[in-house]
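Examination of the molecular architecture
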Amino acid sequence: MRVKNILSDVTLVIADLEVHLNGELRNSPTLCALLPATGSHGACVVPLNTPDGRPILMNMGNAIALDEAPLQA
């Protein structure tokens, strides 16, 4: 195994994400990668675990666009 590239612009954050589960709106703290805006793409958050805490691989298909600045705690 080797490191091909280090993405220094990525920040790890814990975001309080809302999700619809079984017809209910629920939220949970979720480990995420915060990607800054680049070129024509805006800033986005990519979840790194499921709402119940299981880890998942970073997948840009799961990215959530940030239309506005998120609230800081």
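As a reminder, the structure under discussion sits directly above these lines.
Residues numbered from 1 in each chain as written. Predicted model: local features only at pLDDT ≥ 70, side-chain atom pairs only at ≥ 80, totals over all residues. Heavy atoms only, no water.

**Overview of the layout of surface pockets**
When its volume is computed, the second largest pocket comes out at roughly 170 Å³. What lines the second largest pocket is simply Leu17, Glu18, Val19, Ser28, Thr30, Pro47, Asn49, Thr50, Pro51, Ile56, Asn62 and Ile64. Of all the elements, strand β1 (residues 11-21) adds the most residues to the lining of the second largest pocket, at three residues. (1 Å grid on protein atoms, 1.4 Å probe; cavity = no way out; pocket = protein on both sides within 12 Å on 5 of 7 lines; lining within 4 Å. Points joined across faces, edges and corners; volume = space filled by probe spheres on them. Helix = DSSP H or I, 4+ residues; strand = E, 2+ residues; numbered from the N terminus.)

**Observations concerning the pattern of salt bridges**
Scanning the entire structure with this criterion turns up one salt bridge. For Arg26, the salt bridge is made with Glu24, and the minimal N-O distance between the two is 3.5 Å. For Arg26, a relative accessible area of 40% corresponds to the partly exposed category. (Salt bridge = Lys/Arg side-chain N within 4 Å of Asp/Glu carboxyl O. Buried < 20%, exposed > 50% of the residue type's maximum accessible area, 1.4 Å probe, protein only.)

**Let's talk about the pairing of β1**
Two elements, β1 and strand β2 (residues 24-35), share 11 bridges in a ladder whose sense is antiparallel. Along β2, the bridge assignment pairs Leu21 with Glu24. The turn joining β1 and β2, which pair antiparallel and follow one another in sequence, is formed by two residues; a positive phi near 55 degrees is taken by Asn22. (Pairing = 2+ DSSP bridges.)

**A few points about unusual backbone geometry**
The backbone of Asn22 sits at a positive phi, close to 55 degrees, despite the residue not being glycine. Inspection of the secondary structure puts Asn22 in the loop between β1 and β2. Take Asn22: its relative accessible area is 79%, and that puts it in the exposed class.

**Observations concerning the sheet that holds β1**
Strand order in the open sheet formed by four strands is β1-β2-β3-β4, with antiparallel pairing between adjacent strands. The open sheet is flanked by β1 and β4 (64-65), the only strands paired with a single partner. Summarising the sheet, β2 and strand β3 (residues 44-47) pair through four bridges and their orientation is antiparallel. Pairing of Ala33 across the sheet is with Val46, part of β3.

**Notes on the side chain of Asn49**
Mapped onto the elements of the fold, Asn49 is located in the loop between β3 and β4. With relative accessibility at 13%, the residue Asn49 sits in the buried group. From its side chain, Asn49 meets the backbone nitrogen of Leu31 in a polar contact 2.7 Å long. Setting aside anything within four residues of it in sequence, one finds Asn49 in contact with Thr30, Leu31, Arg54, Pro55 and Ile56. (Polar contact = N/O pair within 3.5 Å; in protein donor to acceptor, adjacent residues only side chain to side chain. Contact = heavy atoms within 4.5 Å.)

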